[in-house]
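# A look at the structure
This is what each chain is made of:
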Amino acid sequence: PSGKYAAFTAEEDVQDETGCPKELQELDLDAMTLRRLLHARPGTSPQDDLSCFYELKYSADGGFIYFVTPGWATSGAIHALDRQTGKVKFVIDGAPYLVIGTGPLM
């Protein structure tokens, strides 16, 4: 939201047949420095499977990056990555989603 950072996904190996991103990275646009925020890690359930993430969105305050993983056959799994701690938590099943930046309930 501040315009100082850009989040994106990257693949480690272009030969990977899944085509899933393996890293979530963030670029500081002022300093032009790159920081890896998350490396893909398979889980045993959709709630903890972080092996293929997409649809990155910053929270309104910039503290979190939300993303979706494949999840279930009928919906994805939405997760939130805390940019300060690097911890990821499962939020809810579903997709697509919007981050509301302003409004009467903010």
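Below is a short write-up of the structure.

Criteria and thresholds
- Counting restarts for each chain: residues are numbered from 1 in the order of the written sequence.
- The model is predicted, so local features are restricted to residues of pLDDT at least 70 and side-chain atom pairs to those at 80 or more, both for listing and for counting; the totals for chains, interfaces and linings are taken over all residues.
- To obtain the side-chain values, all non-hydrogen atoms of the structure were used and water was disregarded.
- By the criteria applied, helices consist of DSSP H or I runs no shorter than four residues and strands consist of E runs no shorter than two, each listed in order from the N terminus.
- Buried residues are those whose accessible area, probed at 1.4 Å on protein chains only, stays under 20% of the maximum for their type, while exposed residues exceed 50% and partly exposed ones sit between those limits.
- Here, a disulfide means two cysteine sulfur atoms that sit within 2.5 Å of each other.
- If DSSP finds at least two bridges between two strands, the strands pair.

If you check the backbone angles, M32 has positive phi at about 55 degrees while not being a glycine. Within the secondary structure, M32 sits in the loop between β2 (23–28) and β3 (33–39). Relative accessible area serves as the criterion here: at 55%, M32 is assigned to the exposed category. Notably, E55 is not glycine yet its phi reads approximately 55 degrees, a positive angle. Here E55 lies in strand β4 (residues 54–58).

The next subject is the state of the cysteines. Taken as a whole, this structure holds one disulfide when the rule is applied. The residue that forms a disulfide with C20 is C52, at a sulfur-sulfur distance of 2.3 Å. Disulfide C20-C52: the torsion about the S-S bond is -85 degrees, which places it as left-handed. Pair noted here: C20 is in the loop between β1 (5–10) and β2 and C52 is in the loop between β3 and β4, with a separation of 32 residues, a long-range link.

A separate point is the pairing of β2. Within a regular strand, side chains alternate between the sheet's two faces. Here β2 lies mainly inside the structure; five of its six residues are buried. As paired elements, β1 and β2 share six bridges and run antiparallel to each other. Across the sheet, residue T9 finds its bridge partner in β2, namely L24. In this antiparallel pair of consecutive strands, β2 and β3, the connection spans four residues, and M32 shows a positive phi of 55 degrees.

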